[in-house]
Amino acid sequence: IAATGSSPRRTSSSAELEVRGGGARRRSPSPRSMRGAPTVPSQVPEAMPKDILSVVELVMDWSKMELVEMERAEGSNDVGMLAWKLTLKTPEYPEGRDLILLANDVTFQAGSFGVREDQFFQKASELARVLGLPRIYVSCNSGARVGLVEELKPLYKVQWIDPKDCGKGFEYLYLLKADYEKLPPGSVEVHKIQQGGEERYVLDAIIGEGMKSTKGGIGVENLQGSGLIAGETSRAYQDTFTLSYITGRSVGIGAYLNRLGQRNIQMVSSPMILTGYAALNKLLGKNVYSSQDQLGGPQIMVPNGVTHQVVRDDQEGMAAILDWLSFVPKDISSPPPICQPAGVDPWDRDVDFEPSLLPYDPRDFLRGVIDNEGNRMRGFFDAGSWIEYLEGWGRTVITGRARLGGIPMGVIAVETRSVDRLVPADPSNSESCEVKESMGGKVWFPDSAFKTAQALKDFNRGENLPVIIFANWRGFSGGTRDMYNEILKFGAMIVDALVEYKHPIFIYIPKHGELRGGAWVVIDPAINPEKMEMYADVDARGGILEPPGIVEVKYRAPQQVEAMHRIDEKLQSMDAKLGTSQGDEKQNIEKEIKAREKQLMPLYTSVATTFADLHDRAGRMKAKGVIRDSISWKDSRRYFYWRVKRRVLQDYLISRLRKVDTKLTHKDSEALIQKWAAENNVDFNSDMKMVAWLESQNVDARAESIRTSFLKSHIKELFEQLPANERQGLLSSLQA
């Protein structure tokens, strides 16, 4: 940061970066292409472009309360906050992309937040929101600035109750007339008294107005400023992409800013805390805590879902930021960058790894895996593109980002194996101990339901990502503890997140996967039909109860016995003999029938289970219209590549049309696109043909034509609402 903040538009070449950093930056392996906006293909450059980084520092003009671009030397700042506007040339945007970078200056009053720091932060963050640019915050601070009016310390006097015995306490603090008159107006609130023959000014409140020691704030004014930037950060998360990198200790409002921005990358030994451990020890009256990491280190912030990713050092942290940005559009209005270099990992291939009926690691089908024989089994996504986030929280659900044929996607998958959750002991409570909780696979628990909702909100806000959910849930955990821990609330949050989702969502029940009961309900496409589509593998299952459960309710033993007598030839023969027999012979036959029924019961329970299972197959799901199609796992990558790409391009065009014509609905816009496609002899039902046609469209021209029609129609409607005697006058004034 310091190396790039000294000029209004400093640029860095690839050679310079090699000299400074010992080589080009290391990034997680992920395929890239040079395709920018999805409607404007770009070429892969032959070499790394020049001037890959340009920087301009943003400085506050305090007279106008505006940020200006300025050239100045490093270390010239007079507040503990800094900001830059960066232009990066990346594989996703070789022409360059802008972002706003904010950072604490920990060398200035320990990086604390005073009034000016708060005002500066608010303006820089607001700039990111107004421009719709990603906002990156590098956090290292000591919270809201605390201070006292230093100028008063040598001046105030004490009125003791008994001057000869100070142990009896004091009555008040006061200033002598001469000292009081030296102070600037508004520095203190006092009331005047006469005592002992002298005029005294008893201190009622110390304000410190106009004093050097209070410059920048020392108390409640800083808390008000903290509220200002807390609200600003919350709005920034709603309006643009926000990401925080915690490179050092973050205290109080500093910790809250990270959480309010939601997305966090935390370096080890960089805790986020509300109160220091020494202060807590003093409060508790004993030495309970020995470090800040016990309160807010990664071992705390990863399991509780505050930290998305942990890095070892700043170099790894900067690489993690760049990796995350590679999934993010250049601004809030743009689609995600679709980019895939030729030949890296073709879309036209099978998904080699196949899910099994036994528990397995779902990451293997996301990223691919090398089997025991050394063979590489490729996964659903592009090789090397999968990055997992929130790994240590809500571990029965897996969330991350990956690429499908170069298309950035948000990913939610389900852990099929049982996992353990460790709740640490509270050092301040001698009776507490570490608790280990076992959580079954394919089940939503309170933390994993919350994690699902949180991931959807992150994908939706600022990232504009299409999402695929590999749905494989048996349901929600509804035991006493989980109900107490708000599973109902967090499950409802999933529905809320889906309702407000503005980008395509694909739910796919994978091979040997199942979706049951309440788990189906909270992700059914009826929640947001304009954006959601559901699919299932041919070997997937979906229903209210699992087959053994529904057999217990709807195909009980008496009905199974009826099936035995209808199907089994031996029982049919016995039934025939029973009808003509009497006495002992009849009793013997009845005993034989009972024995036969007992012998067949396990088999017919299995038959009944299979019968129930046939109701849960993909064929019935499609016939009832609850899924859009049945897609084989092996071919799923091919299918979803074209489907996702088509929806991304089509929904972007729809969003542009609806922006210029507020009366257009999603359905109206889709019908309009279908009409345009038909005029060009394009099969609207073919994703591949629609992608080729959508990529050839001039989106701006299409939007402008709709805008012109809308304005004409709107003006006509307004004109007709005028009284008849006013219309001619308006026309005359317009002609004039």
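Colleague: Explain the overall build of the protein chain here, please?
Modeller: Along the backbone of the protein chain there are 24 helices and 30 strands. Scaling as 2.2 N^0.38, a compact globule of 736 residues should have a C-alpha radius of gyration of about 27 Å, whereas the protein chain reaches 34 Å, well beyond that. Seen through its principal axes, the protein chain has C-alpha atoms that stretch 130 × 85 × 70 Å. Among the 736 residues that make up the protein chain, the fraction classed as buried is 48%. Carbon and sulfur atoms make up 53% of the accessible area of the protein chain, which amounts to about 36,000 Å² in all. A distance of 2 Å separates the average location of the 94 positive side-chain charges in the protein chain from that of its 98 negative side-chain charges.

Colleague: Got a minute to help me understand the pairing of strand β19 (residues 397-404) in this structure?
Modeller: As a general feature of sheets, a regular strand has side chains that alternate between the two faces. Of all eight residues in β19, eight are buried; the element is thus mostly enclosed. Here β19 shows a buried face lined by V397, T399, R401 and R403 and a second buried face lined by I398, G400, A402 and L404. Where strand β18 (residues 387-389) lies against β19, three bridges are found, and the strand directions are antiparallel. In the sheet register, E388 faces β19, and the bridge partner there is G400. Bridging between β19 and strand β20 (residues 407-414) involves eight bridges; their strand directions are antiparallel. Bridge assignment links R403 to a residue of β20, and that residue is P408. A loop of two residues connects β19 with β20, the two strands running antiparallel in sequence, and G405 in this loop sits at a positive phi of about 60 degrees.

Colleague: Would you mind going over the packing of aromatic side chains with me for this structure?
Modeller: What describes a pair of aromatic rings is the distance from one ring centre to the other and the angle between the planes of the rings. Evaluation of the coordinates by the stated rule reveals 32 aromatic pairs. The interplanar angle of 80 degrees and the centroid separation of 5.1 Å between the aromatic rings of W347 and W642 together place this pair among those described as edge-to-face. Linking W347 in the loop between α9 (314-325) and α10 (363-367) with W642 in helix α20 (residues 636-660), this pair joins segments that are 295 residues apart in sequence. Residue class for W347 comes out partly exposed when judged on its relative accessible area of 27%. Taking 5.2 Å as the distance between ring centres and 85 degrees as the angle between the ring planes, the aromatic pair formed by F380 and F470 counts as edge-to-face. One end of the pair, F380, is in the loop between β17 (376-377) and β18; the other, F470, is in strand β24 (residues 467-470), and 90 residues separate them in sequence. By relative accessible area, which is 0% here, F380 ends up buried. Classification of F470 by relative accessible area gives buried; the value is 1%. Each residue in the set F353, Y360, F365, F380, F381, F470, F506, Y508, Y535, W633, Y639 and F640 is aromatic and connected to the rest through ring pairs, giving one cluster.

Colleague: Just to check I follow, could you spell out the sheet that holds strand β10 (residues 198-206) for this structure?
Modeller: The four strands lie next to each other as β7-β8-β10-β9, forming an open sheet whose pairing is antiparallel. Each of the sheet's edge strands pairs with one partner strand only, and the pair in question is β7 (157-160) and β9 (188-195). The average angle at which neighbouring strand axes cross in this sheet is 45 degrees, direction not considered. Across four bridges, the pairing between β7 and strand β8 (residues 170-176) is antiparallel. By the bridge assignment, W160 is partnered in β8 with F170.

Colleague: What should I look at first to understand the sheet that holds β18 in this one?
Modeller: Strand pairing in a sheet is mediated by backbone hydrogen bonds. Such pairs are either parallel or antiparallel. Taken together, seven strands build an open sheet; the order of strands is β18-β19-β20-β24-β26-β28-β30 and the sheet is mixed. The open sheet has two edge strands, β18 and β30 (629-630), and neither has a second partner. Each of β19, β20, β26 (505-509) and β28 (532-536) is contacted by α20, which is oriented at about 165 degrees to β26, the strand it contacts most.

Colleague: Explain unusual backbone geometry to me, please; I cannot follow it from the model alone.
Modeller: Leaving glycine aside, a negative phi is the common case for residues, and trans is the common case for peptide bonds. Residue K442 is not a glycine yet carries a positive backbone phi of 65 degrees. Relative to the helices and strands, K442 resides in the loop between β22 (435-439) and β23 (443-444). The class of K442 is buried, set by a relative accessible area of 16%. One non-glycine residue, H512, lies in positive phi territory at about 65 degrees. As for its placement among the helices and strands, H512 is situated in the loop between β26 and β27 (514-516).

Colleague: Explain the pattern of salt bridges to me, please; I cannot follow it from the model alone.
Modeller: Close approach of charged atoms lets side chains of opposite charge pair. Scanning the entire structure with this criterion turns up 52 salt bridges. A salt bridge links E354 to K511, with the shortest nitrogen-to-oxygen separation between them at 2.7 Å. On the criterion of sequence distance, the pair formed by E354 in the loop between α9 and α10 and K511 in the loop between β26 and β27 is long-range, its members being 157 residues apart. E354 gets classed as partly exposed once you look at its relative accessible area, which sits at 38%. For K511, a relative accessible area of 17% gives the class buried. Between K645 and E695 there is a salt bridge, with its nearest N and O atoms 3.4 Å apart.

Colleague: Just checking my understanding: could you explain the environment of S448 for this structure?
Modeller: Within the secondary structure, S448 sits in helix α11 (residues 446-460). C-alpha of S448 to C-alpha of G405: the two residues are 43 residues apart in sequence and 28 Å apart in space.

Colleague: How should I be thinking about the nonpolar core in this particular structure?
Modeller: Within the largest apolar cluster, 48 residues are counted, with the highest numbers of intra-cluster contacts made by L366, F381, I468, F470 and I673. Among the elements that line this core, the one with the most residues is α20, at eleven residues. Every residue in contact with I468, bar those within four places of it in the chain, is listed here: F380, F381, M409, G410, V411, I412, F506 and Y508. Counting 36 residues, the second-largest nonpolar core is a separate cluster that includes F459, I487, L515 and I523.

Colleague: What am I meant to see in the packing of helix α2 (residues 115-131) against helix α4 (residues 220-239) here?
Modeller: How two helices pack is summed up by the angle between their axes together with the distance between the axes. α4 packs onto α2 with a crossing angle of 10 degrees between their chain directions and a minimal axis gap of 9 Å. With respect to α4, the axis of α2 lies roughly parallel. The handedness of the crossing between α2 and α4 is left-handed. Of the residues in α4, those touching α2 at V115, D118, F121, Q122, S125, E126 and R129 are E221, N222, G225, S226, L228, I229, E232, T233, R235, A236 and D239.

Scoring rules and cut-offs
Residues numbered from 1 in each chain as written. Predicted model: local features only at pLDDT ≥ 70, side-chain atom pairs only at ≥ 80, totals over all residues. Heavy atoms only, no water. Helix = DSSP H or I, 4+ residues; strand = E, 2+ residues; numbered from the N terminus. Rg over C-alpha atoms; globule rule 2.2 N^0.38 Å. Buried < 20%, exposed > 50% of the residue type's maximum accessible area, 1.4 Å probe, protein only. Areas by Shrake-Rupley, 256 points an atom, 1.4 Å probe, with all protein chains shown as cover. Lys, Arg positive; Asp, Glu negative; His and termini not counted. Charge placed at Lys NZ, Arg CZ, Asp CG, Glu CD. Pairing = 2+ DSSP bridges. Phe/Tyr/Trp six-rings, centres within 6.5 Å; stacked < 30°, edge-to-face > 60°. Axes fitted to C-alpha atoms, helices over the stretch in contact; angles between N-to-C directions. Contact = heavy atoms within 4.5 Å. Salt bridge = Lys/Arg side-chain N within 4 Å of Asp/Glu carboxyl O. Core = buried A, V, L, I, M, F, W, Y, C linked by side-chain atoms within 4.5 Å. Parallel < 35°, antiparallel > 145°, perpendicular 65-115°, else oblique. Left-handed = near helix turned anticlockwise from the far one by under 90°.

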